[in-house]
Amino acid sequence: MMPLLSHRSAWVWSIPVMVSIVGGTSIVIQTTELVAVAQTVQSRRDEAFRLNDEGLELDRQGKSITALDNYRQALRILGEIKDSKGEDTILNNMGLAYRNLGQYPKALEFYQQALTIRKEVKDRRGEGITLSNIGAVYLSLGQYPKALEFYQQALAIAKEVGDRPGEGDVLNNIGILYGDLGQYLKALEYYQQVLAIDEEVEDKNRRGITLNNIGLAHLELGQYLEALQYFQQALVTFKGVRSRPGEATSLNNIGMVYLGLKQYGTVLEYLRQALAIRREVGDRSGEGNTLSNIGGVYFNLEQYSEALKYLQQALAIRKETGEQHKYGITLNNIGYALEAQGQTELATIFYKQSVSIYEQIRGDLKSLPKEQQESYTKTVEHTYRTLANLLLRQDRVLEAQQVLDFLKVQELDLYLRNVRGGKQPLIILQSEAEILKKYNELQTSAIQLGQELTELRRIPATDRSTQQQQRIDRLVQLEKDINAQFNQFIESDEVKKLTQQLSSTARN
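Remember, it's a predicted structure, so these values are computed and weren't measured experimentally.

A.B. asks: Could you clarify how one ought to interpret the overall build of the protein chain in this entry?
C.D. replies: Of the regular secondary structure elements, the protein chain holds 21 helices and 0 strands. The proportion of buried residues among the 508 residues of the protein chain is 56%. Looking at the protein chain alone, contacts between residues at least 24 apart form 65% of all its contacts between residues at least 6 apart. Here the protein chain displays about 22200 Å² of accessible surface, and carbon together with sulfur accounts for 49% of that area.

Printed below as a string of structure tokens:
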């Protein structure tokens, strides 16, 4: 038997950066006041632009569903008066709202419509804004080369037209991308440039975003006091501009600082505040981050069943939103919790799924410089080594070798072209596939339930009907039932039988 690897399993935390997504501001169009008809048209046009501006403010406060209603009304008015000027701005803002709701394909659809119009009318500044927003969607989806491609186009346009706020937004997003790739010092360089621009243009909301992201970079570097200072400044800033999503992000991240200081009671206090706001505003991606982190706190408290309850909810959200990197992180963390419970075979299945996700992302990164490919691999290689270690403990040597070969392919890419496993998908045994199929059935139910619950929670409590509140209460209970079903699932005779078959198959 091969010797065990020294690498320990590692929990991965979800500490959200804040992407700069740019909406349109008030739209100013020259008018004529010669006849009553023209005055009526102007009045309708003004109404459309008022609805757009209100939508932007609502979206900033986290009321994205209501903002979308405003944008649809504004588009309808412009259609009725046969005035297409400003339509691109409203379409761009609809993309922003859908992105804030975690509906990324829908966001891309509206951004592409806005981009087409802006190119046709040669609105270079607007084109740059939309390119940056499209890049932000690809960043959320873990498609880093594509995101960087759009950011570089947007940055060139912002500099060309002298759009300093736009330049700051793109620089912020490039900083986030480098942070995701594990290059935290490089990310800090970009954030410091953005902070200077924020002060120049006096944008308080984006200053809060930048302060949050600087804090995050310090947190990743283990500099807790510096991180706490920036997160607290960000929280004050977001409260000042009444940005509920920003407030939730700051609360979540302050919690992560106290986690590093091992003050678990304080961590849970901040995370629960963040979770309440994220559910209130319907921020599905943010909700997934905070649920995952609460699960991590319970893991550290050795309350593994409680940890898994939160992780199941987070995983369903990751699958729903399509955030691949975060999906891989949550799969890793479920594997970690199962391993701590002694569920070795089940933990192996979740680690394998995590590695499969990371392999897809690494495959996409091949168009980036080698340094960035390697830095990303360093952020995820613990999962590969943990999985290999677990497989070796089960005498599953060939599977462990394949997992380690995935890392070797990048390390020796210039010298080795046919390393075993390099071009092959990860081995999934039949019993593992059957367990995954049954688990995915549970997860599908959880996703459907979570989507309905989110839509109802977005309705302000004061505006809910009795029936809506009763439905919320019922869905919350059903959510608890699904979490209980997962615990029953891993202890069921059927799954135990499959894991026994798995051990036999793997040895053979």
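A.B. asks: It is not clear to me how the pattern of salt bridges should be interpreted in this structure. Could you clarify?
C.D. replies: Any two side chains of opposite charge can pair, on the condition that their charged atoms come close. Under the counting rule described, the total for this entry stands at 29 salt bridges. In this structure, the salt-bridge partner of Glu-247 is Arg-244, at a minimum N-O distance of 3.4 Å. Here Glu-247 and its partner Arg-244 are both found in helix α11 (residues 244-260), 3 residues apart, which amounts to about one turn of the helix. Residue Glu-247 is classed as buried on the basis of its relative accessible area of 12%. Among the salt bridges present, the one from Arg-393 reaches Glu-339, with a minimum N-O distance of 3.3 Å. Remark: Glu-339 occurs in helix α15 (residues 324-340) and Arg-393 occurs in helix α17 (residues 370-393); sequence separation between them is 54 residues. Three or more residues joined by partner-sharing salt bridges are found here, namely Arg-279, Arg-284, Glu-287 and Glu-320.

A.B. asks: Even after reading the chapter, I still don't get the UniProt feature "repeat: TPR" (unreviewed entry) in the protein chain, so can you show me in this structure?
C.D. replies: With numbering matched to this structure, UniProt assigns "repeat: TPR" (unreviewed entry) to residues 88-121, 128-161, 168-201, 208-241, 248-281 and 288-321. Measuring from the first to the last C-alpha atom of residues 128-161 gives 9 Å, for a span that is 91% helix and 0% strand. Its end C-alpha atoms 10 Å apart, residues 288-321 is made of 91% helix and 0% strand.

A.B. asks: Please explain the confidence of the model for the protein chain as it appears in this structure.
C.D. replies: Predicted coordinates in areas of low pLDDT are best not read in detail. Here the protein chain shows a mean pLDDT of 84. Residues at 70 or above account for 85%. Contacts for the low-pLDDT stretch residues 1-9, under 50 throughout, to residues beyond four places or in other chains number 25 contacts. In this model residues 414-422 is a low-confidence stretch, pLDDT under 50, and it forms 7 contacts with partners more than four residues away in sequence or in other chains.

A.B. asks: Sorry, what's going on with the packing of helix α7 (residues 164-180) against helix α9 (residues 204-220) here?
C.D. replies: Where α7 meets α9, the closest approach of the two axes is 11 Å, and the angle between their N-to-C directions is 20 degrees. Overall, the two elements α7 and α9 adopt an arrangement that is roughly parallel. Note that α7 runs across α9; the crossing there is left-handed. Touching Pro-165, Gly-168, Asp-169, Asn-172 and Ile-176 of α7 are Arg-206, Ile-209 and Asn-213, all from α9.

A.B. asks: What exactly am I supposed to notice about helix α2 (residues 64-80) here?
C.D. replies: Three- or four-residue spacings in an α-helix give side chains the same orientation, since the helix completes a turn every 3.6 residues. The end-to-end C-alpha distance of α2 is 24 Å, a good match for the 24 Å that 17 residues give at a rise of 1.5 Å each. All buried positions along α2 are accounted for by Ser-64, Ala-67, Leu-68, Asn-70, Tyr-71, Ala-74, Ile-77 and Leu-78. Once α2 finishes, Lys-82 follows within two positions and takes phi at roughly 55 degrees, a positive value.

What counts, and where the lines are drawn
Residues numbered from 1 in each chain as written. Predicted model: local features only at pLDDT ≥ 70, side-chain atom pairs only at ≥ 80, totals over all residues. Heavy atoms only, no water. Helix = DSSP H or I, 4+ residues; strand = E, 2+ residues; numbered from the N terminus. Buried < 20%, exposed > 50% of the residue type's maximum accessible area, 1.4 Å probe, protein only. Contact = heavy atoms within 4.5 Å. Areas by Shrake-Rupley, 256 points an atom, 1.4 Å probe, with all protein chains shown as cover. Salt bridge = Lys/Arg side-chain N within 4 Å of Asp/Glu carboxyl O. UniProt positions renumbered as here; feature names shortened; annotations may be inferred. pLDDT = per-residue confidence, 0-100. Axes fitted to C-alpha atoms, helices over the stretch in contact; angles between N-to-C directions. Parallel < 35°, antiparallel > 145°, perpendicular 65-115°, else oblique. Left-handed = near helix turned anticlockwise from the far one by under 90°. Expected span 1.5 Å × (residues − 1).

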